[in-house]
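# Coordinate inspection notes
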Amino acid sequence: EVIYSLVHYLDKTAQLGQRESIVVQTGGLKTQLDFEPDKYTGQKNQIVIPGAKIDNKSNSQIVFEKSTPGMAFASAAWHFSTEKNPAAESGDLFSVARQYFKRENNGKEWTLKPVTEGAVIRVGDQIEVQLSLKVKHEAEYVHLRDPRAAGLEPENQVSGYKWDLGIGRYEEIRDSGGNFFFSQLPVGEYTFKYRLRANMAGVFKVGPATIQSMYAPEFNTYSAGHTMKIESAK
């Protein structure tokens with residue numbers, strides 16, 4: 001019934017079987033995208049600007065123009081890749097910070113010692129990861145991913161649903177890291193904790209933790225990266 005209603009509306013507004021044309025302009029680049037009613041062109045509807053031609057000032061503004069009848073939806077997001085880990089977290093709607101601690105027992109109690117950049121961890125040490133998440137606006141269906149260094153293994157290897165801090169989430173444990181899925185994420189600040197165990201010596205780069213809206217991927221952020229040095233046990 002919903003599909004029939006939509007088709008009936010499009011037919012009454014003369015939007016069925018019509019060719020649609022959209023002009024996209026960013027910086028000095030102007031591209032026309034044509035959508036034919038009898039052809040699928042989804043794989044071609046993207047504009048790629050080589051890194052050497054990107055200008056922060058001119059490319060930061062994107063203009064969409066539609067001359068044909070009907071309604072069109074457009075979205076834009078920046079994607080980039082680099083082999084250099086970010087030195088600090090960055091975000092707007094969301095923000096996430098990650099910190100590592102080494103758990104030590106002094107004979108009476110367990111204490112947490114911050115793991116600074118370049119600090120030495122030994123095989124067998126237990127590491128606690130704390131992910132501090134800030135949410136400025138209520139969101140739904142959000143994915144938080146935290147990569148894991150190859151020299152670390154999770155203490156808990158069972159995926160499952162958890163509830164604490166007033167929100168629920170599904171935690172998925174994978175070989176490359178952990179995934180946290182939130183169906184609802186209220187405004188506020190939250191800190192999630194889990195533990196790892198150092199099991200292999202070496203120097204490892206850990207990519208940033210990232211958080212992204214699953215149905216609005218333009219809303220995303222990342223934490224700082226990290227380099228972790230693990231030495232053999234004494």
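No experiment lies behind these values; they were computed from the predicted model shown. (Residues numbered from 1 in each chain as written. Predicted model: local features only at pLDDT ≥ 70, side-chain atom pairs only at ≥ 80, totals over all residues. Heavy atoms only, no water.)

## Quick word on the overall build of the protein
Stated precisely, the cut-off is as follows: Numbering of helices and strands runs from the N terminus; a helix is a DSSP stretch of H or I covering at least four residues, while a strand is a stretch of E covering at least two. Here the globule rule is a power law, 2.2 Å times the number of residues to the power 0.38, and the radius of gyration is based on C-alpha atoms. Should any heavy atoms of two residues lie within 4.5 Å, those residues are considered in contact.
Each helix and strand counted, the protein has one helix and 17 strands in total. A globule of 234 residues ought to have a C-alpha radius of gyration of about 17 Å, yet the protein, at 24 Å, is considerably larger. Across its three principal axes, the protein shows a C-alpha extent of roughly 80 × 45 × 30 Å. Sequence-distant contacts, at least 24 apart, represent 69% of the contacts inside the protein between residues at least 6 apart.

## Observations regarding the pairing of strand E11 (residues 167-174)
Filter applied, for reference: Here, a strand pair is defined by DSSP locating no fewer than two bridges between the strands.
Examined bridge by bridge, strand E10 (residues 160-164) and E11 share five bridges and lie antiparallel to one another. Looking across to E11, one finds that Trp-163 is bridged to Gly-168. Counting the residues in the hairpin turn of E10 and E11 gives two residues, including Leu-165, whose phi is positive at 60°. Inspection of the sheet shows E11 paired to strand E12 (residues 177-185) by five bridges, in the antiparallel sense.

## Some points on the pattern of salt bridges
Note the following rule: Note on definitions: salt bridges are taken to be side-chain nitrogens of Lys or Arg within 4 Å of carboxyl oxygens of Asp or Glu. Relative accessibility decides the category of a residue: with a 1.4 Å probe and only protein chains considered, values under 20% of the type maximum give buried, values over 50% give exposed, and everything between is partly exposed.
Under the criterion given, the structure shown has 14 salt bridges. Between Arg-122 and Glu-231 there is a salt bridge; the shortest N-O distance is 3.2 Å. Pair noted here: Arg-122 is in strand E6 (residues 120-122) and Glu-231 is in strand E17 (residues 226-231), with a separation of 109 residues, a long-range link. We classify Arg-122 as partly exposed; its relative accessible area is 25%.

## Quick word on a nonpolar patch on the surface
For the record, the criterion: The residues that make up patches have over 30% relative accessible area and no salt bridge, and they are joined within 9 Å when like-charged or within 5 Å when they are Val, Leu, Ile, Met, Phe, Trp or Tyr. Calculation of accessible area relied on Shrake-Rupley with a 1.4 Å probe; when residues are assessed, cover is drawn exclusively from the protein chains displayed.
Together, Ile-3, Val-7 and Leu-16 make up a nonpolar patch on the protein surface, roughly 270 Å² of accessible area in all. Topologically, Val-7 is positioned in helix H1 (residues 2-12). In this structure Val-7 comes out as partly exposed when scored by relative accessible area, which is 38%.

## Re the environment of Pro-69
Locating Pro-69 in the fold gives a position in the loop between strand E3 (62-66) and strand E4 (94-105). Classification of Pro-69 as exposed rests on a relative accessible area of 53%. Between the alpha carbons of Pro-69 and Ser-21 there is a distance of 9.2 Å; along the sequence they are 48 residues apart.

## A closer look at the sheet that holds E3
In plain terms, the rule: Fitting a line to C-alpha atoms yields each axis, with helices limited to the stretch in contact; the angle taken between N-to-C directions then spans 0 to 180 degrees.
Strand order in this open sheet of three strands is E2-E1-E3, and the pairing throughout is antiparallel. Every other strand in the sheet has two partners, leaving strand E2 (29-35) and E3 as the edge strands with one partner each. Taking each pair of neighbouring strands and ignoring which way they run, the sheet shows an average axis angle of 20°. Here five bridges tie strand E1 (residues 20-26) to E3, and the two strands are oriented antiparallel to one another. When the bridges of E3 are listed, Gln-25 appears paired with Val-63.

Shape descriptors only; they carry no functional weight alone.
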